[in-house]
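# Remarks on the overall topology
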Amino acid sequence: MSQEQNIDSGEDLQAMPNSDIVASKAEVKEAAKHTDDFALLNPGRPTALQEHFTESDTWRVLRIQSEFVHSFELMSKVGPSVAIFGSARLPETSPYYITAREVARRLAKSGWAIITGGGPGIMEAANRGARDAREKHEKMSIGLNIELPFEQSMNPYCDIGINFRYFFCRKVNFVKYASAFVIFPGGFGTLDEFFEALTLVQTHKIQDFPVVVFGSDYWKGLIDWMRATLVANGTILASDLDLIYLTDDPNEVVEYIFEHTRSVRHPEERR
């Protein structure tokens, strides 16, 4: 059910991350029970399912392993990549959609593959931009889709599409195979990837990893809050904010990423 169909219905609505789907909370709660993430994270399942060996946690580990093996096998062939995140709900007419497409096109033209969550909105724009730039037979546009309570199809601009059952498997692939993150305006899912990247960089789990945030009108309030609250209370250092590069210029996105990834997974390695 699309947001437009639901917005005036008066229902108690919930939005799906990575998707432009909006549904009633009751529908979402019921549908979520049929996803693999739910089965893994919620042990209170019906006895009949618990007793079936293929639904046990031990068996599920093999399913998780197969998801990593399959995705690692495909992604290892992609080469240097940039992951682009943003809202699934921004339409083709949005200035952010238009800019995300252009940023992805410029990055892909410079040799980077583009990785997104594979859904609509900003994800579609980035995959579309990568598709705009590719040469014949190149596979520059990657979509890492996720199983949701309501089916979310892969956008049509992905050269390689992987469907994940488990959020954490998908998140590992974003970090493992990207050399940089570009964060466009988005919701909880976008914020999740944004703060996870900052945490991994801050703790040096990943190094020389630029996190570029696009759209000062959208993000400035959050960054000002970090400075006024987190820094002021000593929960982060003022220098930690240097991990975030905020810009409104598509050219700066490309230039900053090239400048800060010279020593790791750089497109020049393709030559």
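Scope of this entry: the structure provided in the associated data block. These numbers were taken from a predicted model, which means no experiment stands behind them. (Residues numbered from 1 in each chain as written. Predicted model: local features only at pLDDT ≥ 70, side-chain atom pairs only at ≥ 80, totals over all residues. Heavy atoms only, no water.)

## Description of the nonpolar core
Note the threshold: What is meant by a nonpolar core is a set of buried Ala, Val, Leu, Ile, Met, Phe, Trp, Tyr and Cys residues, joined one to another through side-chain atoms within 4.5 Å. When a residue's accessible area, from a 1.4 Å probe over protein chains only, is under 20% of the maximum for its type it is buried; when over 50% it is exposed; and in between it is partly exposed. Only heavy atoms enter the contact rule, under which two residues are in contact if any of them lie within 4.5 Å.
Ranked by internal contacts, the top residues of the largest apolar core, which has 36 residues, are Met-75, Ile-115, Leu-144, Phe-181, Ile-183, Phe-194 and Ile-244. Beyond its immediate stretch of four places on either side in the chain, Phe-181 contacts Ala-83, Phe-85, Phe-174, Val-175, Glu-193, Ala-197, Phe-209, Pro-210, Val-211 and Val-212. By size, the runner-up hydrophobic cluster in this structure holds 26 residues, among which are Tyr-97, Val-103, Val-182 and Val-212.

## Considerations on the pairing of strand β7 (residues 180-183)
Put simply, the rule reads: Secondary structure elements follow DSSP: runs of H or I no shorter than four residues count as helices, runs of E no shorter than two count as strands, and numbering proceeds from the N terminus. Paired strands are those between which DSSP finds at least two bridges.
Side chains Ala-180 and Val-182 of β7 all project onto a buried face; the interleaved residues Phe-181 and Ile-183 project onto the opposite face, where all are buried too. Inspection of the sheet shows strand β3 (residues 81-85) paired to β7 by 4 bridges, in the parallel sense. The partner of Ala-83 across the bridge, within β7, is Phe-181. As paired elements, β7 and strand β8 (residues 211-214) share 3 bridges and run parallel to each other. Note on β8: the bridge partner recorded for Phe-181 is Val-211.

## So, the pairing of β8
Just so we agree on the cut-off: With the strands pointing away from the viewer, any crossover whose connection runs clockwise from the first strand over the helix to the second is right-handed.
The side-chain alternation of β8 yields two buried faces, one formed by Val-211 and Val-213 and the other by Val-212 and Phe-214. Handedness of the β-α-β unit built from β7, helix α9 (residues 188-202) and β8 comes out right-handed. Handedness of the β8-helix α10 (residues 216-231)-strand β9 (residues 244-247) crossover: right-handed.

## Thoughts on the packing of aromatic side chains
Basically, it comes down to this: Aromatic pairs are defined between Phe, Tyr and Trp rings, using the six-membered ring for Trp, whenever the two ring centres lie within 6.5 Å; interplanar angles under 30 degrees are classed as stacked, those over 60 as edge-to-face, and all others as tilted. Whether a charge sits over a ring depends on NZ of Lys or CZ of Arg being within 6 Å of the ring centre and within 35 degrees of the ring normal.
Across all of its chains, the model carries 12 aromatic pairs by this definition. For the pair Phe-181 and Phe-209, a centre-to-centre distance of 5.0 Å together with 75° between the ring planes defines the contact as edge-to-face. In this pair, Phe-181 sits in strand β7 while Phe-209 sits in the loop between α9 and β8, placing the two residues 28 residues apart along the sequence. This pair shows no difference in class: Phe-181 is buried, exactly as Phe-209 is. These aromatic residues form a ring-pair network of at least three members: Phe-85, Phe-174, Phe-181 and Phe-209. Its guanidinium or amino end placed over the ring of Phe-72, Lys-176 lies 5.3 Å from that ring's centre, counting from NZ or CZ.

## Digging into the sheet that holds strand β4 (residues 113-116)
The condition that has to hold: For helices, the axis comes from a line fit to the C-alpha atoms of the stretch in contact; other axes are also lines fit to C-alpha atoms, and the angle between any two N-to-C directions lies between 0 and 180 degrees.
The strand order across the open sheet formed by 7 strands is β6-β5-β4-β3-β7-β8-β9, and the pairing between neighbours is parallel. At either margin of the open sheet sits one strand with a lone partner, and together these are β6 (160-164) and β9. Between one strand axis and the next, the sheet turns through 20° on average, direction left out of account. One ladder, built from 3 bridges, connects β3 with β4; its direction is parallel. Bridged to Val-82 within β4 is Ile-114. Across the sheet, helix α5 (residues 57-75) touches β4, β5 (141-146) and β6, and the angle it forms with β6 is around 165°.

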